[in-house]
Every structure is written in structure tokens, then in C-alpha cells.
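The lines below spell out each chain.
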Amino acid sequence: MDAHGTVAEGFEPVRDAFVRNFATLGDRGAAVAVYRDGNKVVDLWGGTKDIDGTEPWARGTAQVVRSATKGVAAAVPLLLHQRGELDLDAPVGEYWPEFKARGKERVLVRHVLNHRAGLPVLDRPLTPEDALDPLRGPEAVAAQAPVWEPGTDHGYHALTYGWLVDELVRRVTGGRSTGEWIASEIARPLGLELWLGLPPAEEAAGRTGRVGRVDDPEPSGGLRLRPKRSVTEAYEDADSLTRRAFAAITPFPDQNDPAYRAAALPATNGIATADGLARFYASLIGEVDGVRLFDPATVERARTEESAGPDRVLVVNTRFGLGYMLHGSASPFLSAGSFGHPGRGGALGFADPDTGIAFGYVTNGFRKTVTADPRAQALVRAVRAALG
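As the structure is a prediction and not an experimental result, all values here were calculated from the model.

### Description of the pattern of salt bridges
By the definition in use, this model includes 26 salt bridges. A salt bridge links R303 to E300; its shortest N-O distance comes to 3.1 Å. Here R303 and its partner E300 are both found in helix α14 (residues 296-303), three residues apart, which amounts to about one turn of the helix. Of the residues examined, E300 reaches a relative accessible area of 37% and is grouped as partly exposed. Taken together, the shared-partner salt bridges in this structure form one network comprising K40, D43, R59 and D275.

Put into C-alpha cells, the structure is as follows:
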């Protein structure tokens, strides 16, 4: 595999790790981008555009990034708060009266962002068709009873997070969706190749590649690391919060369907290039070509721990700030001060204010991993090595 693109002096370890991902970790098509203090220092791509094709990955190839979408979507309520339009400590029902039903009167806006709302599941999962309707998801969440007392514990809201955030944004902005807000207030000023709801022109241009599952490569030395028994059992138990959270849409839509890519699900179906993700995160912690999104206080809100410990959905220990996963054993980033979000099976975007690093990795091959894909982790370690 030939790695295309450039790396700045000192960041050669990232190129080496990127090439090794294809040779030893099963990457078929991928890209990685890194910014430091608002300047791009890594811009690499390689392999094939489609998981099952032969067309080369090109500069500007974009892919579905799954839950890495959550980190982009989280910027919208935080920016609305930064502008004085959304109170993080207000009850959700103050903005969305229908939400108060079935014991949710005390769910705060911050509980949505820190995964403490108690609403990771739907008693009646949505069909793929209903999931793509912007009204059905919020209606279902509004009718759902919490599965724990809101604010008292945390658990990853794998799919419901998107409907909660989107309806809050619509109520606060007078009807603008999260995808529309991202397009006009974030992507356009920064020139990002990043979409929540792929425009028809981009679909027609063949901007996105086909994604799919890839098997884990055979381990060297004959040893295979296995997940903890408790994690395995949680994913196998149809009644567990784990299975139910990821089954809030059943069956899950075809991620290569143009209708899915055109919809806007702020928890799962953002589409981005690696540069789009990295440039977005760079703009959260500093200026990028004169544009900065988060002020210092908002950066601190994003990366200050709000939830930590055993996750009632993911089972492992997780850490969350407001809308962002934080560096930890379940999802290692660059350092203790990093914040961002992985996408199940591969993608990763994060920012590290202490070093000025912003990182984006996208792939067309999804593995079984949920929060810490080995390919992304190899690249993160290479960035750490480059920084010395």
C-alpha cells in the first residue's frame, strides 16, 4: 500500500504507523490528519475508496464516521450555551414541554450531554424508515420512561443521544436542525469536508466510499485478547441495557444507502474526511485560518469530567465531559486533558488543548471495537512519539 499525502518534519512516525495499519491491522482504505496549533502537520490517505472495491482512495474521500458524529454534534449545544441561548442547567422540558412525560421533569440539558439522562433505550425500537424521519426519534424519546433516576448514574446513549440533542437544538433555534446548524455555523466558515446529512450534490459526485465490516487480523504469537466476560455477556443478552441501547433502531439501516447518508442522525451518521474531523477539533481549541469556535471556558466545559466509572451500557469504565468522551482506559486519547469521540469500529476525532494537537482518522473498514480501535490507537501512539 502506498501512503499518499504529506507529513511535517518530526511527524514521520505517523506515516510509518499508517502504513503498518494496512500491513498488520487490516486497513483497506483510510486517512489520517493531524493539526498542531491550527496548522496541518499530517495529511495521509491510502488504500481503496470502497471496502469491496478497487478505486483508489483520493484526497477528499469521505466516509460515515458513526459515533464520531457525536463529538461534532455536541459542539452545537455548547456553542448555543456560549452564545447565551441555552442553559445547561435548565430542565430539558423547559425547552421541549412534551419531554416531561413519564418522570423526566428533572432531566437537565447537561444530563443529555454527559449521558446521565437515563434514556439509552427505547421500549419500542424504531424501524429504519422511522429512524430517518426527523420527527419519530424525538417523539419516541419523549414517550420513554427513564431506566434509572436521571442524574444519578451514567450509561452511553448510543442512538438516543442524537434525537435528544437534535430536538433540543430545534427547540432553541426555532426549528433549525443540528445538521443545518453545523453546515452554516461550523462547516462553512471553516471550509470543512464534513456533513450531517450529505447534500445531493456531494452524493452525486461520489464523495463517499462504501463501508463494511472487516475481520480482526490474526494476532502474532497465537495470542488473542478477549473482551471481559461481563462485556461479552452484556452484548449477548437481548434484555441487557447494552443490547437494547444499540438496538434502538432495529434492524439498523444500510449505511451505504444514499437515503441514510442524506438523513441527519446526530449520534451515528456524520460523514467526514479525516481532515474535516481534525480541522473541526483544531478550531475548538484555537484559531484555524482566523476562525475559532470554542472560547476557553467552553473548552473547559467540554473536557471537565461529568461522568466516570462503570458505564451501565458499555459495562467498562468510561469518562464523559459535556458531549465528549474523555481520555481513559476505554478510549485513550493523547493525554489526560484530551476530549473527543470515537466511532464504533474505527473512526476517531479529538483535541488535546495541552499540546495544541487535533486528530482525525476515518476508515471504510469497521471492526468489532466500540471505543478503542487498534488502528486509531496505533496512530495516536505515533503522534505521541512524534511529540517526544
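### Details of the sheet that holds strand β5 (residues 194-195)
Strand pairs in the sheet, formed through backbone hydrogen bonds, run parallel or antiparallel to each other. Spatial ordering of the open sheet is given by β4-β7-β5, a layout of three strands whose pairing is antiparallel. Lying at the two open borders of the sheet, with one neighbouring strand each, are β4 (63-64) and β5. As judged from the two bridges shared by β4 and strand β7 (residues 271-272), these two strands associate in the antiparallel manner. Each residue of the ladder has a partner; that of Q63, found in β7, is A272.

### Description of unusual backbone geometry
Residue P251 follows T250 across a cis peptide bond; omega there is -10 degrees. Summarising the element assignment, P251 is placed in the loop between α11 (241-246) and α12 (258-262). Although it is not a glycine, H115 sits at a positive phi angle of roughly 65 degrees. Structurally, H115 can be placed in the loop between α4 (109-113) and α5 (128-131).

### A look at the side chain of D27
Mapped onto the elements, D27 comes out in the loop between α1 (12-24) and β2 (29-36). On the basis of relative accessibility, which here comes to 5%, the residue D27 falls in the buried class. Aside from chain neighbours lying at most four places away, what touches D27 is N21, F22, Y361, T363 and R375.

### Details of the packing of helix α2 (residues 68-82) against helix α7 (residues 160-173)
As a packed pair, α2 and α7 sit with axes 10 Å apart at the nearest point and diverge in direction by 30 degrees. Our classification of the angle between α2 and α7 gives roughly parallel. The handedness of the crossing between α2 and α7 is left-handed. Here α2 contributes K70, A73, A74, V76, P77 and L80 to the contact with α7, which in turn contributes Y161, V165, V169, V172 and T173.

### Examining the nonpolar core
In this structure, W163, I186, F280, F294, Y324 and F359 are the most contacted members of the largest nonpolar core, which totals 111 residues. In contact with Y324, other than residues within four places in its own chain, are G71, A74, A75, L78, F280, Y281, L284, F294, A302, R319, F339 and G340.

### What to know about the packing of aromatic side chains
Counted by the stated rule, this structure contains twelve aromatic pairs. On the numbers, 5.0 Å between centres and 40 degrees between planes, the contact of W96 with F99 is tilted. Pairing F350 with F359 gives two aromatic rings, centres 5.1 Å apart and planes at 15 degrees, and the pair type is stacked. Summarising the burial analysis for this pair, F350 and F359 share the class buried. Taken together, Y156, Y235, F246 and F320 form an aromatic cluster joined through their ring pairs. Cation over ring: K104 sits above F99, and NZ or CZ is 5.1 Å from the ring centre.

### Considering α7
When the terminal C-alpha atoms of α7 are compared, their 20 Å separation across 14 residues agrees well with the 20 Å that a helix rising 1.5 Å per residue should span. A large share of α7 lies buried, amounting to twelve of its 14 residues. Along α7, the positions that sit buried rather than exposed are T160, Y161, G162, W163, L164, V165, D166, E167, L168, V169, V172 and T173. Of the surrounding elements, those touching the buried residues of α7 are α2, α3 (92-95), α4, α5, α6 (136-142) and α8 (178-190). G174 sits one or two residues past α7 and shows a positive phi near 80 degrees.

About the thresholds
- Residues numbered from 1 in each chain as written.
- Predicted model: local features only at pLDDT ≥ 70, side-chain atom pairs only at ≥ 80, totals over all residues.
- Heavy atoms only, no water.
- Salt bridge = Lys/Arg side-chain N within 4 Å of Asp/Glu carboxyl O.
- Helix = DSSP H or I, 4+ residues; strand = E, 2+ residues; numbered from the N terminus.
- Buried < 20%, exposed > 50% of the residue type's maximum accessible area, 1.4 Å probe, protein only.
- Pairing = 2+ DSSP bridges.
- Contact = heavy atoms within 4.5 Å.
- Axes fitted to C-alpha atoms, helices over the stretch in contact; angles between N-to-C directions.
- Parallel < 35°, antiparallel > 145°, perpendicular 65-115°, else oblique.
- Left-handed = near helix turned anticlockwise from the far one by under 90°.
- Core = buried A, V, L, I, M, F, W, Y, C linked by side-chain atoms within 4.5 Å.
- Phe/Tyr/Trp six-rings, centres within 6.5 Å; stacked < 30°, edge-to-face > 60°.
- Lys NZ or Arg CZ within 6 Å of the ring centre and 35° of its normal.
- Expected span 1.5 Å × (residues − 1).

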